[in-house]
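Next come the chains, spelled out residue by residue.
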Amino acid sequence: MKKLFSSALLGLLIILPFSGCTKKTDEILIGEFGTLTGSEATFGQSTNKGLRMAFDEINAAGGIKGKKIKLITYDNQGKPDESAAVVKRLITQDKVLAIIGEVASSRSLAAAPIAQQYKVPMISPSSTSPKVTEVGDYIFRICFIDPFQGAVMAKFMLDNLKLKKVAVLRDVKNEYSVGLADTFIQEVKARGGEVLIDVSYQANDIDFKAQLTQIKSKNPEVIFVPGYYTDAGLITVQARQLGIKSVFLGGDGWDSPKLHEIAKEAASGSYFSNHYATDSTETIVQEFIQKYKAQFNELPDAMAALGYDAGKVLAQAITNASELKPELVKNELAKIKDFPGVTGVITIDEKRNAIKSAVIVKVEGNDKKFVTKMTP
Ligand code: PHE
């Protein structure tokens, strides 16, 4: 018994270093963490589809430095704690070269200190809170940030819609929602608009009637809801039930095919800012949409496009790095300039954010239509 145990142990000791070695030389391991289940499940699912598409294309063309990319994906169930835990696992157990994630700013913020501590580059495809990349020099994003998004929506409301009186309904448990609400309000005031009321709810709330009744009493022309799609869908439905006719405005968090399923007609006529428009006439956009539809049989939302772009940007940085080392990949990410993405041309600035334009789309039934593009 004792002998058996020790020889098994010896076997294990011999196998381990070798398997570690093979892993390292054969493949480039990339980690992904995302919300694959729960009320924001389309965030992670769409990102994963776009990312897989990007890596499949790179692998089909021979990979990078003769190696294939292998993606390891973990579900964080939409939880900040779980985000930190799975990122630690990706780094310490799977030993990934770099990490892609998350969509929601709160979840990126929970994981970023771990990536920074272990010096493994992390790219958020779509977290827009400025705080995310402030965590440190290993944390990047390939999307615009909320001070820009908030200004875009304020400008659009005042200049394009020519509406001035707005109510704000924010999710106080969501870093993104709070930040976007604040910058929007600041811009509205600076540009001569009027914020009539600013009320809040908490993530996972499903009944918004008390807040909407308060809002209705102020008779706003516009209601700004910087939340995620499940909340936005329920809020528009309940508002219409209360007889509220105001125009709804939102941010990128509204983008999901599920918004239309939940809201039905209630969200029609609403506008929200986003990272790209599926009805763009640009070749790079239309080619991406065709390939994505052929593979997944659905129209790619913004997270799918951003996931794809994040994968391609990371692959470019790995290609440019002289060796497969996290620090060298980090250095190359910082140098990304004029990268032609589906969601626009990507240049990483000194704060590791991307300077990009935003689009505004209008919800029309199950569709969203491009309205205008706003440049920084
Ligand atoms: N920008 C949002 C956040 O930071 C997440 C998001 C991005 C949602 C893109 C939808 C589309 O939390």
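None of the values given here were measured: they were computed from a predicted structure.

K.L.:
Can you break down the domain arrangement of the chain residue by residue, with the values?
P.N.:
Examined at the domain level, the chain breaks down into domain 1 (2-144 + 282-356) and domain 2 (146-274). When each unit is reduced to the centre of its C-alpha atoms, the spacing between domain 1 and domain 2 is 31 Å. Taken together, the contacts link 19 residues of domain 1 with 18 residues of domain 2. It is Thr42, Thr128 and Phe144 in domain 1 that bury the most area against domain 2; as a group they hold 32% of the surface buried on that side. Put simply, domain 1 and domain 2 have one salt bridge between them. Linking domain 1 to domain 2 there are ten residue pairs in polar contact (both at pLDDT 80 or more).

K.L.:
Explain the sheet that holds strand 7 (residues 194-201) residue by residue, including any values.
P.N.:
With mixed pairing, seven strands are arranged side by side in an open sheet as 7-6-8-9-10-13-14. In this open sheet, the two edge strands, each paired with only one partner strand, are strand 7 and strand 14 (367-374). Averaged over neighbouring strand pairs, the angle between their axes works out to 25° when direction is ignored. Relative to strand 8 (residues 222-225), strand 6 (residues 165-171) is paired through three bridges, and the arrangement is parallel. Paired with Val168 across the strands is Phe224, a residue of strand 8. Docked against the sheet, helix 8 (residues 209-216) engages strand 6, strand 7 and strand 8, running at close to 170° with respect to strand 7. Relative to the sheet, helix 9 (residues 229-241) contacts strand 6, strand 7, strand 8 and strand 9 (247-250), its axis offset from that of strand 9 by approximately 170°.

The rules behind these values
- Residues numbered from 1 in each chain as written.
- Predicted model: local features only at pLDDT ≥ 70, side-chain atom pairs only at ≥ 80, totals over all residues.
- Heavy atoms only, no water.
- Domains from an automatic or database assignment.
- Contact = heavy atoms within 4.5 Å.
- Buried area = accessible area lost by both parts, 1.4 Å probe.
- Salt bridge = Lys/Arg side-chain N within 4 Å of Asp/Glu carboxyl O.
- Polar contact = N/O pair within 3.5 Å; in protein donor to acceptor, adjacent residues only side chain to side chain.
- Pairing = 2+ DSSP bridges.
- Helix = DSSP H or I, 4+ residues; strand = E, 2+ residues; numbered from the N terminus.
- Axes fitted to C-alpha atoms, helices over the stretch in contact; angles between N-to-C directions.

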